[in-house]
Amino acid sequence: MTTEQPAPHNWPRGRWAWLAGLGVAALLVLTVLDLAQHYEVQLGAVLALAIARALALSLAWLQPRTAVVVSLIATAVTAAVTTPVSTSEPWPWGTTAAFGHSIVLAIAAARGLGRRELIGWWIATQALGVVATAAAPDKGSWRGLVTMAVLSAVAVVVGELSHSRTETNQRLAEQETISKAERAERERLQERARIARELHDVVAHHLSVVVVRADSAPHRLTDVPDAVRAEFTGIADEARASLTEMRRVLRLLREPVQQPSLGPQPGLDQLVELVEGTRRAGADVRLVGDVPDGFDQSIELTAYRVVQEGLSNAVRHALHSVVDVSIRQVGDQLEVTVRNGKPLRPVAPAPGSGQGLVGMRERVAMVDGTVSAGPTPEGGYLIQVYLPVTEEVASGDHGHGG
């Protein structure tokens, strides 16, 4: 299993940069007030600890691992040099310490730290609280550690879900870009085929007529001199050569030119990964039954793109509804169904909405399939596609479950 690598880290941009800066400043001020009012500690130590905690939050966007380490060290030092003014004050996790460290964990998770590493940092966080409470039981209580355990766990889960959703949306955007390129290429090939048909219907037809008339002229006309007969023969030969060259040009127009590879095209064997990725984005996607395979590559690619577009629409317009995906062979057709339930709240159509369905219809039409798409009586949306299938491999009934 490969270790997940965090994505490049940058300070937030635009209005998020201002919000991040205000958050760091707020944590600095609140930490000073919290330590000065509720704990016995020198003023110099208060300022140093507040700056350390604000520094940890600042580093969370730039160096997540370093930020977690700095936050844990700041908490350990805070627990060592502070004494609560009363037993009602939380210790070793003060209010600002608990929320500040949890926010650092959430940002680190959203920035792409691996799941195992996040679990390790969560365990280290709880271990710090246990060691501090065991070393100074008169300062804090075991009950206070439960709050921190729950708060930090929620932060890790929220951050991980945010990262998964961002990653899935990026993959969907990449696939949509590839689909647009494929659609543009298909339109170009269709235009080439149309030109080839026009040339065949007009030029090639007239050249054929010239060949027939030139060949038959000496037999249709009486008393044709040998020189004229030779001229007709020359005209017929030239017309045949032109017709042969025209057919070669038509063949080149009909055949697609070699294009740079866009990488391996997905098929039905990668459908489970697509569904799992969309689940990580927060959508409730269910793959109904096994996924058959062994069909022509163009059919499998078309089925994959149909499901991809259906899931993309569901994520944009009905994120929290249940989405059922079903692929099964019905006779000599492959039935692809994507059905989502009613969204929890209406979503206004985004600019350019509907282009995905247009592209889907074009793609399905290229393989002589049919598309049915529209709202369901329950308020959801249903996409149903039928594709003609020819099995490349006698794969039987085996498939991929999800």
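Heads up: the structure comes first, above all this text.
Quantities reported herein were computed from a predicted structural model and do not represent experimental measurements.

K.L.:
Quick question: what am I supposed to make of the sheet that holds strand S5 (residues 322-330) here?
P.N.:
Either a parallel or an antiparallel arrangement is found when strands of a sheet pair, and the pairing is made through backbone hydrogen bonds. With mixed pairing, 5 strands are arranged side by side in an open sheet as S3-S5-S6-S8-S7. The open sheet has two edge strands, strand S3 (284-288) and strand S7 (370-375), and neither has a second partner. The mean inter-strand angle of the sheet, taken between neighbouring strand axes irrespective of direction, is 10°. Inspection of the sheet shows strand S6 (residues 333-340) paired to strand S8 (residues 381-388) by 8 bridges, in the antiparallel sense. Bridged to Gln 333 within S8 is Pro 388. Lying over the sheet, helix H9 (residues 297-317) contacts S3, S5, S6 and S8, oriented at roughly 10° with respect to S6.

K.L.:
What's the story with the pattern of salt bridges in this structure? I'm lost.
P.N.:
It is possible for side chains of opposite charge to pair when their charged atoms get near one another. Scanning the entire structure with this criterion turns up 9 salt bridges. With its nearest N and O atoms 2.7 Å apart, the salt bridge here joins Glu 117 to Arg 65. With Glu 117 in helix H5 (residues 115-135) and Arg 65 in helix H3 (residues 64-81), this pair connects stretches of sequence that are 52 residues apart. A residue is classified by how much of its surface remains accessible, and Glu 117, at 25% relative accessible area, is partly exposed. By relative accessible area, Arg 65 is classed as partly exposed at 37%. A salt bridge links Glu 335 to Arg 328; the nearest nitrogen and oxygen atoms lie 2.6 Å apart. On the accessibility criterion, Glu 335 (5% relative accessible area) is buried. On the basis of relative accessible area, Arg 328 is assigned to the partly exposed category, the value being 46%. When salt bridges that share partners are traced, they join Glu 182, Arg 305 and Arg 363 into one network.

K.L.:
I keep staring at the side chain of Arg 305 and nothing clicks. Help me out?
P.N.:
Looking at the element boundaries, Arg 305 is found in helix H9. Dropping the residues within four chain positions of it, Arg 305 is found in contact with Gln 175, Ile 178, Ser 179, Glu 182, Gln 265, Pro 266 and Arg 363.

K.L.:
Explanation requested: the pairing of S5 in the structure shown.
P.N.:
Note on strand geometry: in a regular strand, side chains alternate between the two faces of the sheet. Pairing geometry for S3 and S5, over 5 bridges, is parallel. Along S5, the bridge assignment pairs Arg 286 with Asp 324. In this sheet, S6 lies alongside S5 in antiparallel orientation, the contact comprising 8 bridges. Across the sheet, Val 330 pairs through a bridge with Gln 333, a residue of S6. Between S5 and S6, which pair antiparallel one after the other, the connecting turn spans 2 residues, and Gly 331 there sits at a positive phi close to 65°.

K.L.:
How should I be thinking about H5 in this particular structure?
P.N.:
In an α-helix, one turn spans 3.6 residues; hence positions three or four apart end up facing the same way. With 21 residues, H5 extends 30 Å from end C-alpha to end C-alpha; this agrees with the ideal 30 Å at 1.5 Å per step. Within H5, burial applies to Leu 118, Trp 121, Thr 125, Gln 126, Gly 129, Ala 132 and Thr 133. The arc that holds the buried residues of H5, viewed along the axis, is 130°, so those residues lie on one side. The exposed set on the far side of H5, more than 90 degrees from its buried face, consists of Arg 116, Val 131, Ala 134 and Ala 135.

K.L.:
What's the story with helix H1 (residues 15-38) in this structure? I'm lost.
P.N.:
Relative to the 34 Å expected for 24 residues at 1.5 Å per residue, H1 spans 34 Å between its end C-alpha atoms, a close match to the ideal helical length. Listed in full, the buried residues belonging to H1 are Ala 20, Val 24, Leu 27, Thr 31, Asp 34 and Leu 35. In this fold, the buried residues of H1 make contact with strand S1 (39-40), helix H2 (43-62), H3 and helix H4 (95-110).

K.L.:
What is the right way to look at the nonpolar core in this model?
P.N.:
For soluble globular proteins, the rule of thumb is that nonpolar side chains tend to be buried together. Formed by 32 residues in total, the largest nonpolar core has its most connected members in Leu 271, Val 307, Leu 311, Leu 334, Val 336, Val 385 and Leu 387. Elements that contribute at least two residues to this core include exactly helix H8 (271-280), S3, H9, S5, S6, helix H10 (355-366) and S8. The element that contributes the greatest number of residues to this core is H9, accounting for 8 residues. Of all hydrophobic cores here, the second largest spans 27 residues; its members include Ala 98, Val 104, Leu 118 and Met 148.

The rules behind these values
Residues numbered from 1 in each chain as written. Predicted model: local features only at pLDDT ≥ 70, side-chain atom pairs only at ≥ 80, totals over all residues. Heavy atoms only, no water. Pairing = 2+ DSSP bridges. Helix = DSSP H or I, 4+ residues; strand = E, 2+ residues; numbered from the N terminus. Axes fitted to C-alpha atoms, helices over the stretch in contact; angles between N-to-C directions. Contact = heavy atoms within 4.5 Å. Salt bridge = Lys/Arg side-chain N within 4 Å of Asp/Glu carboxyl O. Buried < 20%, exposed > 50% of the residue type's maximum accessible area, 1.4 Å probe, protein only. Expected span 1.5 Å × (residues − 1). Arc of directions from axis to C-beta. Core = buried A, V, L, I, M, F, W, Y, C linked by side-chain atoms within 4.5 Å.

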